[in-house]
Amino acid sequence: MSAFIKTVATCIDRYVELRRSLGFEFRQQAATLRRFLRYLQSHQVSGPLTQVMALDFVVFTGGTVNGRAVRYAVLRCFAEYLSAFDPRTESLDRRALRRPRVVPPPRILNDAELQSL
């Protein structure tokens with residue numbers, strides 16, 4: 001196991017512990033970070049966390065557009081934390097994967113609904 005992966009593993013544990021100590025449940029996010037660690041181990045990554053690496057992981061894991069955006073957001077926040085321990089960590093672009101804005105279709109009220117308002 002590379003020094004980079006050891007650092008990431010330690011930082012993930014500390015980051016999850018920190019977020020939970022602040023009152024967050026942090027279950028799905030922790031699972032995403034652990035999945036990211038397994039991805040790094042299986043691809044034998046030895047370098048710093050980069051934008052390309054984060055996007056590769058998000059695309060590799062598949063899922064919906066919204067799910068990928070959520071996973072990327074988790075990695076982006078973790079990258080900020082990791083940069084304190086590994087200054088080579090890239091700042092992940094906030095706009096690289098955005099959550100799609102779902103606008104519900106307009107609803108036309110009938111006469112009875114209008115009167116009840």
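Given the structure is predicted, the values throughout are model-derived calculations rather than measurements. (Residues numbered from 1 in each chain as written. Predicted model: local features only at pLDDT ≥ 70, side-chain atom pairs only at ≥ 80, totals over all residues. Heavy atoms only, no water.)

A. Structural detail: the overall build of the protein chain. The secondary structure content of the protein chain amounts to 5 helices and 0 strands. Reading the secondary structure of the protein chain in the N-to-C direction produces α-α-α-α-α. The C-alpha atoms of the protein chain give 19 Å as radius of gyration, which overshoots the globular expectation for 117 residues (13 Å, by more than 25%). On the principal axes, the C-alpha backbone points of the protein chain span a range of 70 × 30 × 20 Å. Within the protein chain, the proportion of its 117 residues that are buried is 32%. (Helix = DSSP H or I, 4+ residues; strand = E, 2+ residues; numbered from the N terminus. Rg over C-alpha atoms; globule rule 2.2 N^0.38 Å. Buried < 20%, exposed > 50% of the residue type's maximum accessible area, 1.4 Å probe, protein only.)

B. Spotlight on helix α1 (residues 3-21). Here α1 contains 19 residues, and its C-alpha end-to-end distance of 27 Å stays within 8% of the 27 Å for a straight helix at 1.5 Å per residue. When we look at burial in α1, the residues that qualify are F4, I5, V8, A9, C11, I12, Y15 and V16. Residues of α1 that are buried sit in contact with α2 (27-42), α3 (51-61) and α4 (65-82). Just downstream of α1, G23 is the residue with a positive phi angle, here 100°. (Expected span 1.5 Å × (residues − 1). Contact = heavy atoms within 4.5 Å.)

C. Representation of the packing of aromatic side chains in the model. Inspection of the entire model under this criterion finds 8 aromatic pairs. Aromatic side chains F36 and F57 sit 5.1 Å apart centroid to centroid with 75° between the ring planes, which places their arrangement in the edge-to-face category. Here F36, found in helix α2, pairs with F57, found in helix α3; they are 21 residues apart in sequence, far enough to count as distant. Classification of F36 by relative accessible area gives buried; the value is 1%. (Phe/Tyr/Trp six-rings, centres within 6.5 Å; stacked < 30°, edge-to-face > 60°.)

D. Focus on a nonpolar patch on the surface. Among the surface-exposed residues, L18, L22 and F24 lie close enough to one another that they form a single nonpolar patch of about 290 Å² accessible area. Among the structural elements, L22 can be located in the loop between α1 and α2. (Patch = residues over 30% accessible without salt bridge, like charges linked within 9 Å, V, L, I, M, F, W, Y side chains within 5 Å. Areas by Shrake-Rupley, 256 points an atom, 1.4 Å probe, with all protein chains shown as cover. Salt bridge = Lys/Arg side-chain N within 4 Å of Asp/Glu carboxyl O.)

E. Representation of the packing of α2 against α4 in the model. Viewed as axis vectors pointing N to C, α2 and α4 meet at an angle of 80°, and their least axial separation amounts to 10 Å. In terms of orientation, α2 lies roughly perpendicular with respect to α4. Residues Q29, T32, L33, R35 and F36 of α2 form the contact with α4, whose participating residues are R71, V74, L75 and F78. Considering only residue class, the contact of α2 with α4 consists of 5 nonpolar, 2 polar and 2 charged. (Axes fitted to C-alpha atoms, helices over the stretch in contact; angles between N-to-C directions. Parallel < 35°, antiparallel > 145°, perpendicular 65-115°, else oblique. Nonpolar A, V, L, I, M, F, W, Y, C, P; charged D, E, K, R; others polar.)

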